[in-house]
Amino acid sequence: MTRTSFAAALLALAIAGAPVLSAPASAETSSTTERKEEQKQRDKEHKQFNREIQYRRVVGPNVLPIGPFSISVFVKGQPLEARLRVAIEAKDVQAKTALDAQKWAVNGIVYPLAVKLYEQGRPNREQIELFKMEAQTQLSERYPDVIQGVYIESLF
């Protein structure tokens, strides 16, 4: 008899429109949506963080991108993996076209300097400046009156 009265009470609640067993389901749904929103926010933060880490130097339309060079060396017995992109600014569009035609020769000049940059480990500011000066000097010797500047586009 108690079963029938309990069933009648549930039926009365259902007819009245009161949620009977949906309370845990709604709590589960709200926690799922909260988790999804938190995950979205974390993804946005991670994306923004990754965007800020990547250093890019934009110099203009007469720039020839070189690389990325993947460098793998051992420093004091420990492996070091690095990536480097270099941007070479030419004096004008014709000079950039000439450099682009000689891209393999330019890579042959810049790549050994890039490996040398990482010989003692991760480079500091002085080593980076020295790399840029050496690269500009060697490229200017090979291609006089063509090179205006050498920049590091990205360094990982």
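Right above here is the structure, for reference.
Since this is a predicted model, take the numbers as computed values, not measurements. (Residues numbered from 1 in each chain as written. Predicted model: local features only at pLDDT ≥ 70, side-chain atom pairs only at ≥ 80, totals over all residues. Heavy atoms only, no water.)

Caption draft 1: Inspection of the pattern of salt bridges at higher detail. One pass over the structure, following the stated rule, counts three salt bridges. With its nearest N and O atoms 3.5 Å apart, the salt bridge here joins K116 to E134. Highlighted residues: K116 in helix α4 (residues 103-117) and E134 in helix α5 (residues 125-142), separated in sequence by 18 residues. Of the residues examined, K116 reaches a relative accessible area of 43% and is grouped as partly exposed. Exposure remark for E134: the relative accessible area of 22% places this residue in the partly exposed category. (Salt bridge = Lys/Arg side-chain N within 4 Å of Asp/Glu carboxyl O. Helix = DSSP H or I, 4+ residues; strand = E, 2+ residues; numbered from the N terminus. Buried < 20%, exposed > 50% of the residue type's maximum accessible area, 1.4 Å probe, protein only.)

Caption draft 2: Region of the structure containing the sheet that holds strand β1 (residues 63-75). In spatial order, the strands read β1-β2-β3; together these three strands make up an open sheet with antiparallel pairing. Looking at strand neighbours, the two that pair on one side only are β1 and β3 (147-155), the edges of this open sheet. Here the average twist between neighbouring strands, direction ignored, is 25 degrees. Bridging between strand β2 (residues 78-90) and β3 involves seven bridges; their strand directions are antiparallel. Bridge pairing in β3 links R85 to S154. Where α5 meets the sheet, its contacts fall on β2 and β3, and the angle it forms with β3 comes to roughly 140 degrees. (Pairing = 2+ DSSP bridges. Axes fitted to C-alpha atoms, helices over the stretch in contact; angles between N-to-C directions. Contact = heavy atoms within 4.5 Å.)

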